[in-house]
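Fold and contact review
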Amino acid sequence: MKTKILTINSNNFEPSDLNGAAEILRKGGLVAFPTETVYGLGADGLNPDASRKIYAAKGRPSDNPLIIHIADYKALEELTADCPENGRKLAEAFWPGPLTLIFNKSSKVPYSTTGGLDTVAIRMPAHPVAYELIRISGIYIAAPSANISGRPSPTKAEHVIEDLSGIIDMIVDGGKADIGLESTIVDVTAEMPVILRPGYITDEMIRRIIGQVEYDKAVLTRIQDSGIRPKAPGMKYKHYAPRGALTIYEGNREAVVSEINKIAEEKLQAGYKVGIIATDETLSCYHRGIIKTVGTRKDVNTIARGLFEILRDFDSEGADYIYTESFENKQLGQAVMNRLLKAAGYHIEKV
Ligand code: AMP
Ligand code: MG
């Protein structure tokens, strides 16, 4: 299959520019498109054959449900069996935006979209291209991240091309994803809302709206060892992983830099390719290997935005070993560390 590439200026386009993409989706095809979190791989969420194509293209396990993207609140009534007060309040506060809510599904939503679950994940994206594409296509777009299963999520069209060119109908290139990490997922089906995946919308922001929220036990623990079953099925799979072996170093800055320099030198001596994930603040402290900065510690948003891209860059460079500093586990840093720990297979060295 030849994959069409449609380039759009996200800040200046006409909805009709997306007519071709909308037509493909209506006919049951696959279109990758930009959102404010990461690029999504879209298909008609109410068409079982179309959503099955998503699983095939990504090599995604069939029990890992998709998120349905909507462009108006009316859709909630159609897709859910009930909309609890907490869900309504969170949707009003953060939609359109990087928050996915889990509801009990209506009978209209096929099990092929929800991975066999009786619940459905719904988000209203804020990105103008995503939003307009849903609106003009007149359908609900089921879309997981537009990467081959297990690889780092795509934050640029180039990443989608790398993974899915020749496999899907179209890629809409709307530039770089602003946030760079997937949406926060909150289950609102029970009395106590639960965060299943941390993201840009933090627990503090959620508590400000509905007073209380808990974390699913699987969020920051090493679930392989603990026997905990995460409520977001996707969180149990190996995820976000670069091809090289990634290790996180945690401790005070000087000790971390010195340990990374030491281990990098050892691996280089042994003939391996070594990548180092630095920050703007430490870039000049590393001496050998492929050294890249992920962003500045003064603004954790830059680190979130750069994380998946730097992991992919080290794949392109053919790094055998990758060493990274760790980040403060609070606010958006929590989402950064959650992805980084998974990408590293929980390999963390305390120094
Ligand atoms: P992705 O869009 O690639 O980040 O994948 C969607 C994420 O949403 C996966 O981690 C899924 O497990 C999660 N998800 C989707 N639907 C549900 C649901 N009904 N219940 C819990 N988690 C869900
Ligand atoms: Mg994904």
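None of the values given here were measured: they were computed from a predicted structure.

**Some remarks on the sheet that holds strand S9 (residues 184-187)**
Taken together, the 11 strands give an open sheet; going across it, the order is S1-S8-S2-S3-S7-S4-S6-S5-S9-S10-S11, and neighbouring strands pair in mixed fashion. Taken across any chain shown, the strands that pair with only one partner, and hence form the sheet edges, are strand S1 (4-7) and strand S11 (214-215). Across 4 bridges, the pairing between strand S5 (residues 99-104) and strand S6 (residues 119-123) is antiparallel. Residue pairing in the sheet places asparagine 104 in a bridge with threonine 119 of S6. Contacts from helix H4 (residues 85-94) reach S5 and S9 within the one sheet, and its direction differs from that of S5 by about 155 degrees.

**Quick notes on the nonpolar core**
Counting 35 residues, the largest nonpolar core has Leu181, Leu246, Ile277, Phe314, Phe327, Val336 and Leu340 as its most contacted members. Taken together, the elements giving at least two residues each to this core come down to strand S10 (194-197), strand S12 (245-250), helix H11 (300-317) and helix H12 (332-343). Not counting residues within four places of it along the chain, the set of residues in contact with valine 336 comprises Leu181, Val300, Ile303, Ala304, Leu307 and Phe327. Counting 24 residues, the second largest nonpolar core, distinct from the first, contains Leu79, Trp95, Leu101 and Val109.

**What about the pattern of salt bridges?**
Throughout the structure, instances matching the rule amount to 28 salt bridges. A salt bridge links aspartate 315 to arginine 243; its shortest N-O distance comes to 3.9 Å. Here aspartate 315, found in helix H11, pairs with arginine 243, found in the loop between helix H9 (223-226) and S12; they are 72 residues apart in sequence, far enough to count as distant. Note that glutamate 259 and lysine 262 form a salt bridge whose closest N and O atoms lie 3.6 Å from each other. Placement of both glutamate 259 and lysine 262 in helix H10 (residues 253-269) is noted, with a separation of 3 residues, approximately one turn of the helix. Overlapping salt bridges bring together Arg151, Glu162, Asp163, Arg243, Arg312 and Asp315 as one network.

**Observations regarding the site of ligand 1**
Taken together, 21 residues lie around ligand 1, and Arg60, Thr119, Ser145, Arg197 and Gly234 are the ones closest in. Here threonine 119 contributes a side-chain N or O atom positioned 3.0 Å from a nitrogen atom of ligand 1. Of all the cavities here, the one that holds ligand 1 is the largest pocket. Tallied by class, residues from the shell around ligand 1 come to 13 nonpolar, 4 polar and 4 charged.

**Concerning helix H8 (residues 203-210)**
Think of an α-helix as turning once every 3.6 residues; residues three or four places apart then point the same way. Of the residues making up H8, those classed as buried are Asp203, Ile206 and Ile210. For H8, the arc enclosing every buried residue in end-on projection is 60 degrees, short of the 170-degree limit, so these residues lie on one face. Looking at the buried residues of H8, the elements they touch are H4, S9, S10 and S11. A positive phi of about 85 degrees marks glycine 211, the residue just after H8.

**Some details on the layout of surface pockets**
Space left empty within the atom packing is revealed by a probe, the size of a water molecule, rolled over the atoms. In this structure, the largest pocket encloses a volume near 700 Å³. Residue lining of the largest pocket: 40 residues in total, with Asn64, Pro65, Ile185, Ala232 and Gly234 positioned closest to the centre. It is S6 that provides the largest number of residues to the lining of the largest pocket, a total of 4 residues. Each residue belonging to the lining of the largest pocket can be placed in one class, and the counts come to 18 nonpolar, 14 polar and 8 charged. The space that makes up the second largest pocket amounts to roughly 170 Å³. Forming the walls of the second largest pocket are Arg297, Asp299, Val300, Ile303, Phe327, Glu328, Lys330, Gln331 and Gly333.

**Topic: the side chain of aspartate 187**
Turning to its location among the elements, aspartate 187 is positioned in strand S9. A polar atom in the side chain of aspartate 187 sits 2.6 Å from the side chain of threonine 189. Leave out the neighbours within four places in its chain, and aspartate 187 touches Ile102, Met192, Pro193, Val194, Leu196 and Lys231.

**Some remarks on the packing of helix H1 (residues 19-26) against helix H6 (residues 128-137)**
Packing of H1 against H6 leaves a shortest axis separation of 9 Å and a crossing angle of 60 degrees. With respect to their mutual orientation, H1 and H6 come out oblique. Once H1 is placed against H6, the crossing between them reads as right-handed. Along its contact with H1, which presents Asn19, Ala21, Ala22, Leu25 and Arg26, the element H6 presents Leu133, Ile136 and Ser137.

**Re the sheet that holds strand S16 (residues 348-350)**
Spatial ordering of the open sheet is given by S14-S13-S15-S12-S16, a layout of 5 strands whose pairing is parallel. At either end of the open sheet lies a strand with only one pairing partner, and these are strand S14 (290-293) and S16. Each adjacent strand pair in this sheet contributes to an overall mean axis angle of 20 degrees, direction not counted. In this structure, strand S13 (residues 274-278) lies alongside strand S15 (residues 321-325), joined through 4 bridges in parallel fashion. The partner of isoleucine 276 across the bridge, within S15, is tyrosine 323. Packed on one face of the sheet, H10 meets S12, S13 and S15 and runs near 175 degrees to S15. Its contacts with the sheet place H11 against S12, S13, S14 and S15, and it is angled at close to 160 degrees to S14.

Definitions and limits used
All chains use their own residue numbering, which begins from 1 and follows the written sequence. Note on labels: chains are lettered from A, ligands numbered from 1, in written order. Note on the predicted model: pLDDT of at least 70 is required for a residue's local features to be given, and 80 or more for side-chain atom pairs to be given and counted; whole-chain, interface and lining totals, by contrast, use all residues. Each side-chain value is derived from all of the structure's non-hydrogen atoms; neither hydrogens nor water enter the calculation. Here the rule is simple: two strands pair whenever DSSP picks up at least two bridges between them. The helix count covers DSSP runs of H or I at least four residues long, the strand count covers runs of E at least two residues long, and both are numbered beginning at the N terminus. Residue contacts are defined here by distance: any two heavy atoms, one from each residue, within 4.5 Å place the two residues in contact. Every angle, taken between N-to-C directions, lies between 0 and 180 degrees, and every axis is a line fitted to C-alpha atoms, over only the stretch in contact when it is a helix. Among buried residues, those of type Ala, Val, Leu, Ile, Met, Phe, Trp, Tyr and Cys that are joined through side-chain atoms within 4.5 Å constitute a nonpolar core. The buried label applies to any residue whose accessible area, calculated with a 1.4 Å probe on protein chains only, is under 20% of its type's maximum; exposed applies above 50%, and partly exposed to all values in between. What makes a salt bridge here is a side-chain nitrogen of Lys or Arg within 4 Å of a carboxyl oxygen of Asp or Glu, nothing more. When we say a residue is near a molecule or strand, we mean one of its heavy atoms is within 4 Å of it. Any N or O atom pair separated by 3.5 Å or less is treated as a polar contact, with the protein-specific requirement of one donor-capable and one acceptor-capable atom, and with residues adjacent in sequence counted only for side-chain atom pairs. The rule is simple: put a 1 Å grid over the protein atoms alone, call a set of points where a 1.4 Å probe fits but cannot get out a cavity, call an open set with protein on both sides within 12 Å along at least five of seven lines a pocket, and count a residue as lining if it has an atom within 4 Å of a point. If over half the atoms of a molecule are within 2 Å of the grid points of a cavity or pocket, the molecule is regarded as sitting in it. Think of it as three bins: nonpolar holds Ala, Val, Leu, Ile, Met, Phe, Trp, Tyr, Cys and Pro, charged holds Asp, Glu, Lys and Arg, and polar takes everything else, Gly as well. The reported arc concerns the directions from the helix axis to the C-beta atoms and nothing else. Grid points are joined across faces, edges and corners, and a volume is the space filled by probe spheres set on the points. Roughly parallel here means an angle under 35 degrees, roughly antiparallel means over 145, roughly perpendicular means 65 to 115, and every remaining angle is called oblique. Put simply, a crossing is left-handed when the front helix is turned counterclockwise from the back one by less than a right angle, and right-handed when it is turned clockwise.

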